[in-house]
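# Survey of secondary and tertiary structure
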Amino acid sequence: MSERLDAGAYGAPTPGIRRRLAALLYEGVLLFGVVMLAGLFYGVVTQQRHALVGSTGLQAFLFGVLGVYFVWFWTRGGQTLAMLTWRIRVVTREGHPLRPLRAVMRYVAAWMWFLPSLALVQASGLKGGWPVAGVVITGMLVYAALARLHPDRQFLHDQICGTRLVTKPAPPRLNNAPAP
């Protein structure tokens, strides 16, 4: 899990791709609970009785809920809960905190992790299950690998939005604290 030695404009190293993917995986676990609660709320408010009835409305609602989640955390400290755990922070190219408009732009652009794969699934006519999961996971890995082409190893959506991921330094340990 090597980190880039090039500190970039912010003065902090770029976290390694494996570390960022681990944070993404952890984010997915945390978001499972957010999506479940939001889906329950949507179902109760709209009196949805069948999952496929009103699914477009549910998808739009969840897109908005996830957007609020990410924009809220990115504009207040630059870290979601998973990013905090993995000591990763999102900042502008100049190292400043994100403002709401830039955070919204980054949220929308970050869907490039999934949209090309989902478009390929739709065009190929695959119907759920492992083949769809395989296409989506492969697309995500290809997207992550493209970061290796960037001099500072940033993802495409960060390049487009003028943001970058940096490593947040670990807090200093107290001298009397036992080593883990």
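For the structure, see preceding data.
Quick look at the structure, then. Values in this document were obtained by computation on a predicted structure and should not be read as measured data.

### Some words on the packing of helix H5 (residues 115–124) against helix H6 (residues 130–146)
The N-to-C vectors of H5 and H6 enclose an angle of 145°; their axes lie 8 Å apart at closest approach. In the packing of H5 onto H6, the handedness of the crossing is right-handed. Listed contacts from H6 to Ser117, Leu118, Leu120 and Val121 of H5 are Val132, Val135, Val136, Gly139 and Met140. Residue composition of the contact of H5 with H6, grouped by class: seven nonpolar, two polar and no charged.

### Observations regarding the pairing of strand S1 (residues 88–92)
Of all five residues that make up S1, four are buried, and the element is covered over most of its length. Inspection of the sheet shows S1 paired to strand S2 (residues 163–167) by five bridges, in the antiparallel sense. Residue pairing across strands places Val90 opposite Leu165, the latter belonging to S2.

### Comments concerning helix H1 (residues 17–46)
Under the 1.5 Å per step criterion, the end-to-end length of H1 is 41 Å for 30 residues, consistent within 8% with the ideal 44 Å. Along H1, the largest kink reaches about 30° and is centred on Leu30. Listed as buried for H1 are Ile17, Arg19, Arg20, Ala23, Glu27, Leu31, Ala38, Tyr42 and Gly43. Elements in contact with the buried residues of H1: helix H2 (55–75), helix H3 (81–85), S1, H6 and S2. Residue Gln47 follows H1 closely and has a positive phi angle near 55°.

### Side note on the nonpolar core
Of all hydrophobic cores here, the largest spans 25 residues; its most connected members are Phe70, Trp74, Met83, Val90, Trp113, Phe155 and Leu165. Among the secondary structure elements, those contributing two or more residues to this core are H1, H2, S1, helix H4 (100–109) and H6. Each residue touching Trp113, except ones within four places of it in the same chain, is listed here: Leu21, Leu24, Met140, Tyr143, Ala144, Phe155 and His157.

### Structural notes on the environment of Ala110
With respect to the secondary-structure elements, Ala110 resides in the loop between H4 and H5. Between the alpha carbons of Ala110 and His157 there is a distance of 5.5 Å; along the sequence they are 47 residues apart.

### Describing unusual backbone geometry
With a phi close to 55°, Gln47 is a non-glycine residue in the positive phi region. With respect to the helices and strands, the residue Gln47 is situated in the loop between H1 and H2.

### Brief notes about the pattern of salt bridges
By the definition in use, this model includes two salt bridges. Residue Asp158 pairs with Arg106 through a salt bridge whose shortest N-O separation is 2.6 Å. Of this pair, Asp158 sits in helix H7 (residues 156–161) while Arg106 is found in helix H4, placing the two residues 52 residues apart along the sequence. Given the relative accessible area of 0%, Asp158 is considered buried.

### Observations concerning the packing of aromatic side chains
One pass over the full model with this rule turns up 13 aromatic pairs. An aromatic cluster is present here, built from Phe63, Tyr69, Phe70, Phe73, Trp74, Tyr107, Trp111 and Phe114 joined pairwise through their rings. Here the basic side chain of Arg20 rests over the ring of Phe155, its NZ or CZ set 4.4 Å away from the ring centre. Above the plane of the ring of Trp72 lies Arg76, whose end atom (NZ or CZ) is 3.7 Å from the centre.

Rules used in this analysis
- Residues numbered from 1 in each chain as written.
- Predicted model: local features only at pLDDT ≥ 70, side-chain atom pairs only at ≥ 80, totals over all residues.
- Heavy atoms only, no water.
- Axes fitted to C-alpha atoms, helices over the stretch in contact; angles between N-to-C directions.
- Helix = DSSP H or I, 4+ residues; strand = E, 2+ residues; numbered from the N terminus.
- Left-handed = near helix turned anticlockwise from the far one by under 90°.
- Contact = heavy atoms within 4.5 Å.
- Nonpolar A, V, L, I, M, F, W, Y, C, P; charged D, E, K, R; others polar.
- Buried < 20%, exposed > 50% of the residue type's maximum accessible area, 1.4 Å probe, protein only.
- Pairing = 2+ DSSP bridges.
- Expected span 1.5 Å × (residues − 1).
- Bend = angle between axes of the 7 residues up to and from the residue.
- Core = buried A, V, L, I, M, F, W, Y, C linked by side-chain atoms within 4.5 Å.
- Salt bridge = Lys/Arg side-chain N within 4 Å of Asp/Glu carboxyl O.
- Phe/Tyr/Trp six-rings, centres within 6.5 Å; stacked < 30°, edge-to-face > 60°.
- Lys NZ or Arg CZ within 6 Å of the ring centre and 35° of its normal.

These results come straight from atomic positions and should not be treated as a statement about function.
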